[in-house]
Amino acid sequence: MQTTKPKPKTEAADVPTQKPPVVKPPPTVVCYICGREFGTKSISIHEPQCLKKWHLENDQLPKNLQRPEPKKPEVRHIGGILLSKM
């Protein structure tokens, strides 16, 4: 009489493979002054503060190194496509 050893079960075979849910990051907007990304609701709070900080730092530079104030690019929506005019 032969005895056979039971085969160990692998857990991978018992659990059906599931793909993790795809999570989209929230939409962001890039600040035209500092280049950092912000949420669509917080960018309106950030930009005036960033511009104020830019002026403080720019005013401390020697006159020959000072730069003109950065201009906000014009952004237009055409047929569902976002166009940025720089």
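Residues numbered from 1 in each chain as written. Predicted model: local features only at pLDDT ≥ 70, side-chain atom pairs only at ≥ 80, totals over all residues. Heavy atoms only, no water.

1. With respect to the pattern of salt bridges
As enumerated under the stated definition, the model contains one salt bridge in all. Here K72 ties to E47 by a salt bridge, and the two come within 2.9 Å at their closest N and O atoms. Taken together, the positions of K72 in the loop between α2 (43–59) and β3 (74–78) and E47 in helix α2 put the pair 25 residues apart, joining distant regions of the chain. A relative accessible area of 55% places K72 in the exposed class. Judged by relative accessible area, which is 13%, E47 ranks as buried. (Salt bridge = Lys/Arg side-chain N within 4 Å of Asp/Glu carboxyl O. Helix = DSSP H or I, 4+ residues; strand = E, 2+ residues; numbered from the N terminus. Buried < 20%, exposed > 50% of the residue type's maximum accessible area, 1.4 Å probe, protein only.)

2. Some words on the UniProt feature "domain: C2HC/C3H-type" (unreviewed entry) in the chain
In the UniProt entry, the feature "domain: C2HC/C3H-type" (unreviewed entry) is given for residues 27–56. For residues 27–56, the helix share is 47%, the strand share is 20%, and the end-to-end C-alpha distance is 30 Å. (UniProt positions renumbered as here; feature names shortened; annotations may be inferred.)

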